[in-house]
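# Results of the structural survey
Letter by letter, the chains look like this.
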Amino acid sequence: MNPVIDVIIAIVALALGAAAGYYYRNNQVKAERREEQSKAQGIVQVASDKANKIELEARDRALKITQAAENELAQRRNEFNREVERLDHRRTELDGRFEKMEQREQTLNKRQSIIDKHANDVEKLYDDEIKKLQEIAQMSQEDARKILLDDVEKEARGDMARIIRQIETEAREEGEKRARKLIADSIQRVASEHVSEVTSSVVILPNEEMKGRIVGRNGRNIRAFEQAAGVDVIVDDTPEAVTISCFDSVRREVARRALTRLTVDGRIHPANIEKIIEDETKAVEKIMAEAGEQAAFDAGIAGLHPEVLRMIGRLKFRTSYGQNQLAHAVEVSKLAAILAAELGAKIEIAKMGGFLHDIGKAMDHNQEGTHAGLGAEFCKRYGVHPLVINAIASHHHEVEQESVEAVIAEAADAISGARPGARREDLEAYIKRIRTLEDMATSFKGVSQAFAIQAGREVRIIVRPEEIDDLDATRLARDIAKKIEETMQYPGQIRVTVIRETRAVDYAK
């Protein structure tokens, strides 16, 4: 075939195919468009139906809400009307009550006027009766009131005196029972020795010839010894013994040791006397320092300054009424610890206060002040606890006691000095104390007689019953006890007993 024709046929076929394809495609697109339009119309129709339905439902709901609001409004109006009616009724009732109250007030005012008038009449009648009674009794109202008050006061004073005596008796019995138990337990647990005689020192000599050597030619040896030691050497008829006398127990001990050493050595002359006394002075100082340390150990006290221990050790050679003061300090410390433990106080403070309370007695007598004040000042310089310093300074009430431990230290000191066998007292001091007690008691008004008994532990006072009543007797006992506490120094306690006796005397004729 001709190629040209084939090409033309192919072109024509191609054109026909393209036209047919276009036509087919165009119909298909139109069909799709029609289908989409149909679907869109359906959707719009459905939406329109739903919108109509929602609109209808909204209208129904709005209608219901409107009807409910109208119903509620009508109900509120009805309630409001009823409340208005109730208030009007209440107002009417209140107006009626107010009118009745006004009428009642007017009636009460009239009655009050009548009552006031009657009261004035009664008061006038009362005054007239009082005047008549005063004329009949020949006594004014003030006098009668005074007599009545005096009778009431006298009766009340008697009741008060009975109550005071009852309370004091109960408190005293309970306190004494408790105190006796504590004191007895403390004394039994300490169990110290009795007092020993320490008034002079006796040096035993190997033979009678030693007395002549002690005296020396023209008495030069004994004079040198007395001057160096500061003591008096008494050479008397006592066989093979000489006596050393001195108010300072430390110097007396140094002299005793030195003289004993001289008699053993045999070289008795002024130069050797001075050397030995100097050596023995150093030895005694060392003994006192060791004694202070041992006493602190025995008392269970630690942490004291070495100077305080050295000073307390000087009490080893100090006595009071025959009682060794270092042993007394240890004993007081132990008693204070026992009492503090029983009473729940600070044991260490009470124990140290009891141990150091008499440290002032170890100081030179040339220093001015009481032993309590000197001891407190000395301990303060070496860092002792302030409560302990107060216990030292206040154990004789020279300053105010600031703690219960200070009171315990004072009580332990009194127990140690007052326990049986602790101290001795010479006859002159005993008689003086007894007379002082009796004179002090008889100095009070209304006291007839006073007797100190039981070695000065009790004073019994007989009063004049016409001058002292029951209440005054109680006050008198308290005043006398207070004056004894303020003016006298004594161990333990003194009981004051006031005796009031009433006697009725008549004669048969």
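For the structure, see preceding data.
The sections below set out a description of the structure shown in this document. (Residues numbered from 1 in each chain as written. Predicted model: local features only at pLDDT ≥ 70, side-chain atom pairs only at ≥ 80, totals over all residues. Heavy atoms only, no water.)

### A word on a nonpolar patch on the surface
Together, V4, I8, V12 and L16 line one region of the surface with nonpolar side chains, adding up to about 370 Å² of accessible area. Inspection of the secondary structure puts L16 in helix 1 (residues 3-137). On the basis of relative accessibility, which here comes to 58%, the residue L16 falls in the exposed class. (Patch = residues over 30% accessible without salt bridge, like charges linked within 9 Å, V, L, I, M, F, W, Y side chains within 5 Å. Areas by Shrake-Rupley, 256 points an atom, 1.4 Å probe, with all protein chains shown as cover. Salt bridge = Lys/Arg side-chain N within 4 Å of Asp/Glu carboxyl O. Helix = DSSP H or I, 4+ residues; strand = E, 2+ residues; numbered from the N terminus. Buried < 20%, exposed > 50% of the residue type's maximum accessible area, 1.4 Å probe, protein only.)

### Considerations on the nonpolar core
In this structure, L304, F355, L356 and I359 are the most contacted members of the largest nonpolar core, which totals 31 residues. Among the secondary structure elements, those contributing two or more residues to this core are helix 6 (270-299), helix 7 (306-313), helix 8 (325-343), helix 9 (347-356), helix 10 (371-381) and helix 11 (386-393). Tallying contributions element by element places helix 11 first for this core, with 5 residues. If sequence neighbours within four positions are ignored, I359 has contacts with V308, M311, I312, L315, G375, F378 and C379. (Core = buried A, V, L, I, M, F, W, Y, C linked by side-chain atoms within 4.5 Å. Contact = heavy atoms within 4.5 Å.)

### Observations concerning the sheet that holds strand 3 (residues 241-245)
For sheets, the rule is that strands pair by backbone hydrogen bonds, running either parallel or antiparallel. The antiparallel open sheet is built from 3 strands, whose spatial order is 1-3-2. Of all the strands in the sheet, just strand 1 (201-204) and strand 2 (232-234) have a single pairing partner and so form its edges. Adjacent strand axes in the sheet meet at a mean angle of 30 degrees when their direction is disregarded. (Pairing = 2+ DSSP bridges. Axes fitted to C-alpha atoms, helices over the stretch in contact; angles between N-to-C directions.)

### Topic: a negative patch on the surface
A cluster of acidic residues, D95, E99, E102 and E105, forms a negative patch at the surface. As for its position among the elements, D95 is in helix 1. (Lys, Arg positive; Asp, Glu negative; His and termini not counted. Charge placed at Lys NZ, Arg CZ, Asp CG, Glu CD.)

### Looking at the sheet that holds strand 7 (residues 458-463)
Spatial ordering of the open sheet is given by 6-7-8, a layout of 3 strands whose pairing is mixed. Two strands bound the open sheet, and with one partner strand each, they are strand 6 (447-453) and strand 8 (495-500). Taking each pair of neighbouring strands and ignoring which way they run, the sheet shows an average axis angle of 20 degrees.

### Points about the pattern of salt bridges
Under the defined criterion, the tally for this structure stands at 19 salt bridges. Notably, a salt bridge pairs K39 with E35, separated by 3.8 Å at the nearest N-O pair. Taken together, the positions of K39 and E35, both in helix 1 and 4 residues apart, correspond to about one turn of that helix. The exposure class assigned to E35 is partly exposed, which follows from its relative accessible area of 46%. Ionic pairing is found between E285 and R314, a salt bridge with its closest N-O pair at 3.6 Å. Note that E285 is positioned in helix 6 and R314 in the loop between helix 7 and strand 4 (319-320), a separation of 29 residues in sequence. Here E285 falls in the partly exposed class, since its relative accessible area comes to 28%. Connected through salt bridges with shared partners, the residues R257, R261, K275, D279 and E280 form a single ionic network.

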